[in-house]
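Below are the chains, spelled out letter by letter.
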Amino acid sequence: MAAMTVVTLLLAVIVGMEPGWFYIVAALFGMASGFTTAVVPGLLGDLLPRRLIGRGVVVMSLTALPHGLLVGMTVALFPGDSSGPTWYLAIAVPLYLVGAASIRFVPDQNPTGIDQRSSLVMFKNALFLMWRDARLKSLWIYAFAAGVLLVLLQTAFLDHLLLENEIGSTNYALTMIARGLASLVATIGLFFVISGSRRWTVFVAAAVGSGVTAMLVAFSVNLGWLIAVFIAFGGSAAVVGLGAIALALSVTRSGYFGRVAALFLLCTSMLNFGSGFIRVYVYHRFEGRVAILILGALMLLLAIWFWRRWRQFRRLPEDPDVRERQNPLVSLAEAAAPQKTARLD
């Protein structure tokens, strides 16, 4: 990413950034960013004790804050100035280099235990694991469906508040700021509950809350009520969005953390791409208020579906490796080589 930033910076300074080049650069950065986004949770799963994996995911999510501050700073300092992106890229180069250098300090947990099977085989195994495990399967389906609904809701909010209610861009910005602050507070709060005994209950409650509060936006009248509803919605949406991947990795079998994270990322990328086509058909037939009510009701039904699934698997052991270690062949292998845990795939 540092190398691409340098090349992009040179192109912007020397020949300028034409619109066609912008899409190519965005695609390249998206691929590199997607790779790192999937690799980091995998490293967390390998480096942290299982009881701390969820907290590690939450902490790493806070690293996105400097990105937003940096973008906002460049926009504020260079409003309407074509040199703004150039300064942004110039600041990004040393940051990317520091990030690349810091990876050298990540310890290699098992340099001799690298899996030699093909990537296709490991991909198939990861898919099989996610489909066979009741918790991963439920979380993946919920994350995919809720992600699509949340993307569609964002456009419905914009249509309802700005076009139908005409609250004005300033008031709309205040509601979005309130939602963002609520998401930050909810993320910090999630750090303290994601490793506790009530973490699944909190996730289900947030899933229900996201659907209910989304529908309440359709009945918002004054600005104060609207901000209060968006605070509740922002907090709930942050918990379900971040909690899904945190819970998924905390119950993922050892050796599959990175692959499960990559599949969740693939799910998110698909919904962001596909929702752009879906929204054309949704908002062509429904006005903003009606669309919010329909999408909010679907969010609530989805939460109820997940709650019913959770009641079926809530008695499963938190550590998925327990069942593997209970296998007699694995126990015999560990007795012969107790210095490391044996695994049968």
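J.: Just to check I follow, could you spell out the overall build of the protein for this structure?
T.: For the protein, the count of helices and strands is 14 helices and zero strands. Listing every helix and strand of the protein by position from the N terminus yields α-α-α-α-α-α-α-α-α-α-α-α-α-α. In the protein, the proportion of contacts linking residues at least 24 apart, taken out of those at least 6 apart, comes to 79%.

J.: Can you walk me through the nonpolar core in this structure?
T.: One recurring pattern in soluble globular proteins: nonpolar side chains tend to sit buried together. Counting 63 residues, the largest nonpolar core has Tyr142 and Phe306 as the members making the most contacts within it. For this core, the elements supplying multiple residues, two or more each, are helix 3 (50–61), helix 6 (119–132), helix 7 (134–164), helix 8 (169–193), helix 9 (199–217), helix 10 (223–250), helix 11 (257–285) and helix 12 (288–313). Element by element, the count of residues in this core is highest for helix 10, at 15 residues. The residues touching phenylalanine 306, leaving out its near neighbours within four places in the chain, are Ser138, Leu139, Tyr142, Trp200, Phe203, Val204 and Phe313.

J.: Can you walk me through the pattern of salt bridges in this structure?
T.: Working definition: two side chains of opposite charge can pair if their charged atoms are close together. Under the definition given, this model contains one salt bridge. Salt-bridge contacts for aspartate 133 lead to arginine 135; the nearest nitrogen and oxygen are separated by 3.9 Å. Considered together, aspartate 133 and arginine 135 belong to a single accessibility category, that of buried residues.

J.: In this structure, what is going on with the packing of aromatic side chains? I would like to understand it.
T.: Note on aromatic pairs: each is described by the distance of the centres and the angle between the planes. Per the counting criterion, the structure on display carries 11 aromatic pairs. Arranged with centres 5.9 Å apart and planes meeting at 10°, the rings of tryptophan 140 and phenylalanine 144 form a pair that is stacked. Here phenylalanine 144 and tryptophan 140 lie together in helix 7, a separation of four residues that amounts to about one turn. Overall, tryptophan 140 belongs to the partly exposed group, its relative accessible area being 30%.

J.: Just to check I follow, could you spell out the environment of leucine 95 for this structure?
T.: Following the sequence through the fold, leucine 95 ends up in helix 5 (residues 84–102). Here leucine 95 falls in the exposed class, since its relative accessible area comes to 52%.

J.: Looking at this structure, how should I read the confidence of the model for the protein?
T.: Low-pLDDT stretches of the model should not have their predicted coordinates read in fine detail. For the protein, the mean per-residue pLDDT works out to 80, and 80% of the residues sit at or above 70. The least confident element of the protein, judged by mean pLDDT, is helix 14 (residues 328–336) at 46; the most confident is helix 9 at 95. Considering only residues more than four positions removed or in separate chains, one finds that residues 328–345, a stretch of pLDDT under 50, has 24 contacts.

J.: How should empty space enclosed by the protein be read in this particular structure?
T.: If a probe as big as a water molecule is rolled over the atoms, it shows which places are left empty. For the structure shown, the criterion picks out one cavity of 30 Å³ or more. What the largest cavity holds in volume is close to 30 Å³. Lining the largest cavity are Leu161, Asn165, Ile167, Ser220, Val221, Asn222, Leu223 and Leu226.

J.: What is the right way to read a nonpolar patch on the surface from this model?
T.: A surface patch of nonpolar side chains, about 490 Å² in accessible area, is lined by Val290, Ile294, Leu298, Leu301, Ile304 and Trp307. Structurally, the position occupied by leucine 301 is in helix 12. Overall, leucine 301 belongs to the exposed group, its relative accessible area being 54%.

Rules behind the numbers
- Residues numbered from 1 in each chain as written.
- Predicted model: local features only at pLDDT ≥ 70, side-chain atom pairs only at ≥ 80, totals over all residues.
- Heavy atoms only, no water.
- Helix = DSSP H or I, 4+ residues; strand = E, 2+ residues; numbered from the N terminus.
- Contact = heavy atoms within 4.5 Å.
- Core = buried A, V, L, I, M, F, W, Y, C linked by side-chain atoms within 4.5 Å.
- Buried < 20%, exposed > 50% of the residue type's maximum accessible area, 1.4 Å probe, protein only.
- Salt bridge = Lys/Arg side-chain N within 4 Å of Asp/Glu carboxyl O.
- Phe/Tyr/Trp six-rings, centres within 6.5 Å; stacked < 30°, edge-to-face > 60°.
- pLDDT = per-residue confidence, 0-100.
- 1 Å grid on protein atoms, 1.4 Å probe; cavity = no way out; pocket = protein on both sides within 12 Å on 5 of 7 lines; lining within 4 Å.
- Points joined across faces, edges and corners; volume = space filled by probe spheres on them.
- Patch = residues over 30% accessible without salt bridge, like charges linked within 9 Å, V, L, I, M, F, W, Y side chains within 5 Å.
- Areas by Shrake-Rupley, 256 points an atom, 1.4 Å probe, with all protein chains shown as cover.

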